[in-house]
Amino acid sequence: MNHEQEWEQRLTDTLKSVARRPDLKSYVEKTPWLNSLLQRAAGQYVAGEDRQDGHKVARRLAEARYRTSLEFIGENTADVEMCQAAAEETKSLIRELGEAGDRVSFDLSHIGLSVEMDLAYRQLIRLAEEAQTANVELFISMEESAKTDRILDLYRQAVSHYPNIGITLQAHLNRTPQDLAALGDSPRRIRIVKGAYQEPAEYAMSRSAALDERYLTLVQDAIHRGHLVSIATHDERIINEVINLGLLDSGNAEFEMLYGIRPELSAKLQSAGYPVRIYVTYGHEWFLYLCHRIAEYPPNLYRAVVAMASDEAVEPYQAYIGTT
Ligand code: FDA
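Residue positions are counted from 1 within each chain, in the order its sequence is given. Note on the predicted model: pLDDT of at least 70 is required for a residue's local features to be given, and 80 or more for side-chain atom pairs to be given and counted; whole-chain, interface and lining totals, by contrast, use all residues. Side-chain metrics in this entry use all non-hydrogen atoms of the structure; hydrogen atoms and water are not considered.

1. Description of helix H7 (residues 148-159)
For H7, spanning 12 residues, the distance from its first C-alpha to its last is 16 Å, which sits close to the expected 16 Å at 1.5 Å a residue. Residues Thr148, Ile151, Leu152, Leu154, Tyr155, Ala158 and Val159 constitute the buried set of H7. Taken end-on, H7 shows its buried residues confined to a sector of 160 degrees, consistent with a single buried face. Contacts from the buried residues of H7 go to helix H6 (117-134), strand S3 (137-140), strand S4 (165-170), helix H8 (176-182) and strand S5 (189-193). Strands here are runs of E lasting at least two residues and helices are runs of H or I lasting at least four, both read from the DSSP assignment and numbered beginning at the N terminus. In this scheme, a helix's expected span is set at 1.5 Å multiplied by one less than its residue total. Accessible area is worked out with a 1.4 Å probe on protein chains only. A residue is then buried under 20% of its type maximum, exposed over 50%, and partly exposed in between. The reported arc concerns the directions from the helix axis to the C-beta atoms and nothing else. Contact between two residues is taken to exist if any of their heavy atoms lie within 4.5 Å; hydrogens are not considered.

Below, the structure is given as structure tokens:
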């Protein structure tokens, strides 16, 4: 590792731990000037604090023929009432989706997993029922490896009653090829990501050519098993490989990218006729989300500083719409 890479790694580690510090989060919330400054930086990736902000951005993207996912951001909620409030918010999000999209995503630890499995399961079923009535896909995000077994258990129990539920799998975990095989061959909705969390070396691979290779193999395997696959990456090399291998030809796969990240790539793929879904987030927990987006790509720190210093409103959806 050279000097520059060493500093990038230190920045990544620092931001991932800063994102999890409640004292810093609460300091930011209680300090108006800092809060509004950082919120400007977060505005590049988060639609706003309210559900209407999420709907507005998703609707604009849908009008420009993108598929969308919407998420009310949050995780690791340890208070029962807050879990119930998060589930209620997600329920309203589903109910009001209308033309804005057909997929809602969430973290199980936002709605009960950090309290107890039963609570998480009850909330999951309520959301799945609401989503089924509204003809919406309900996608479970994947969290730290300490939770993988519990998340997969809840998913397996629920999906046998509600096939509209999808699951996210992380290519960086060494167990994922087996987890994918264990889902069987009945068609499921699966999102494949590289993985955002820091994991012990014995459980996971770090970013490398070997991880990219495993990612592609998982995508191929999932498609061959007949699953509906969201290829959730901004890695242009992988995206080109997927196209060259003809993996989208079955009509069962799509690209999915986070709102505000590489919009020009999304626009290029979409205008070339490939199905592209944009994952839009909103809510008060933007601090954690902002830290993650900078941690996974440190040059985003420059964008954050420019956004904080700029007088112009940040409107990332223009970059998707302007070019279509
Ligand atoms: P990688 O990190 O290797 O980056 C490859 C290239 O993509 C970079 O060189 C850069 O060009 C570009 N890029 C990547 N991140 C960027 C950024 N922030 N800003 C600008 N450019 C960037 N994770 C998880 O653990 N659980 C989950 O449930 C989800 N859910 C999820 C849904 C969707 C729709 C997406 C796209 C991603 C997730 N993730 C996730 C996050 C995922 O695990 C991963 O951390 C990010 O997608 C970044 O990894 P890439 O695959 O983009 O490749």
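2. As for the site of the ligand
Throughout this document, a residue counts as near a molecule or strand when at least one of its heavy atoms sits within 4 Å of that molecule or strand. Near the ligand lie 25 residues; those nearest to it are Met142, Lys194, Gly195, Thr233 and Asn300. One nitrogen or oxygen atom from the main chain of Arg293 is found 3.2 Å from a nitrogen atom belonging to the ligand. Computed by Shrake-Rupley with a 1.4 Å probe, the accessible areas treat only the displayed protein chains as cover when residues are assessed. Contact with the protein chains covers 88% of the free accessible surface of the ligand, which is 920 Å². As defined here, a cavity is a set of points on a 1 Å grid over the protein atoms alone where a 1.4 Å probe fits but cannot get out. A pocket is an open set with protein on both sides within 12 Å along at least five of seven lines, and residues line them when an atom is within 4 Å of a point. For a cavity or pocket, the test is whether more than half of a molecule's atoms lie within 2 Å of its grid points; if they do, the molecule sits there. Comparing atom positions with the cavity grids shows the ligand to sit within the largest pocket. We call two N or O atoms a polar contact when they sit within 3.5 Å, provided that within protein one can donate a hydrogen and the other can accept it, with sequence-adjacent residues counted only if both atoms are side-chain atoms.

3. Considerations on the pairing of strand S6 (residues 228-232)
Along S6, four of the five residues are buried, which leaves the element largely enclosed by surrounding structure. Judged from the four bridges that link them, S5 and S6 form a sheet pairing that is parallel. Among the inter-strand pairings, Arg191 is bridged to a residue of S6, identified as Ser230. With helix H9 (residues 209-224) bridging S5 and the parallel S6, this β-α-β connection has right-handed handedness. Two elements, S6 and strand S7 (residues 253-258), share four bridges in a ladder whose sense is parallel. Any two strands with at least two DSSP bridges between them are considered paired. Crossover handedness is defined here as right-handed if the route from the first strand over the helix to the second strand goes clockwise, with the strands pointing away from the viewer.

4. Concerning the sheet that holds strand S8 (residues 276-282)
Spatially, S1-S2-S3-S4-S5-S6-S7-S8 is the arrangement adopted by the eight strands of the closed barrel, whose pairing is parallel. For this sheet the average axis-to-axis angle between neighbouring strands, irrespective of direction, equals 25 degrees. Looking at chain direction, S3 and S4 are connected through three bridges and run parallel. The residue bridging Phe139 from the neighbouring strand is Gly166, located in S4. Geometry is summarised by axes, namely lines fitted to C-alpha atoms with helices restricted to the contacting stretch, and by angles between N-to-C directions that run from 0 to 180 degrees.

5. Brief notes about the packing of helix H3 (residues 32-42) against helix H12 (residues 286-296)
At a closest axis distance of 10 Å, the pairing of H3 and H12 adopts a crossing angle of 55 degrees. In this view, H3 runs oblique relative to H12, as classed from their interaxial angle. H12 is crossed by H3, and the crossing has left-handed handedness. Contact residues: H3 offers Asn35, Leu38, Gln39, Ala41 and Ala42, while H12 offers Trp286, Phe287 and Leu290. Of the residues assigned to the contact of H3 with H12, the class counts are six nonpolar, two polar and no charged. In this scheme, roughly parallel covers angles under 35 degrees and roughly antiparallel covers those over 145, while 65 to 115 is roughly perpendicular and the rest are oblique. By convention the crossing between two helices is left-handed if the near helix lies anticlockwise of the far one by an angle smaller than a right angle, and right-handed if it lies clockwise. We call Asp, Glu, Lys and Arg charged. Ala, Val, Leu, Ile, Met, Phe, Trp, Tyr, Cys and Pro are nonpolar, and the rest, Gly among them, are polar.

6. Let's talk about the layout of surface pockets
Grid points are joined across faces, edges and corners, and a volume is the space filled by probe spheres set on the points. Put simply, the largest pocket is a space of about 1,100 Å³. Taken together, 38 residues line the largest pocket, and the ones lying closest to its centre are Arg207, His234, Leu258, Arg293 and Glu296. Elements with a contribution of two residues or more to the lining of the largest pocket: S4, S5, S7, H12 and helix H13 (300-309). Sorting elements by how many residues they give to the lining of the largest pocket places H12 first, with five residues. For the lining of the largest pocket, a count of residues per class yields 13 nonpolar, 10 polar and 15 charged. Put simply, the second largest pocket is a space of about 660 Å³. Residue lining of the second largest pocket: 24 residues in total, with Gln9, Thr12, Lys16, Ser206 and Arg207 positioned closest to the centre. Elements represented by at least two residues in the lining of the second largest pocket include exactly helix H1 (3-18) and H12.

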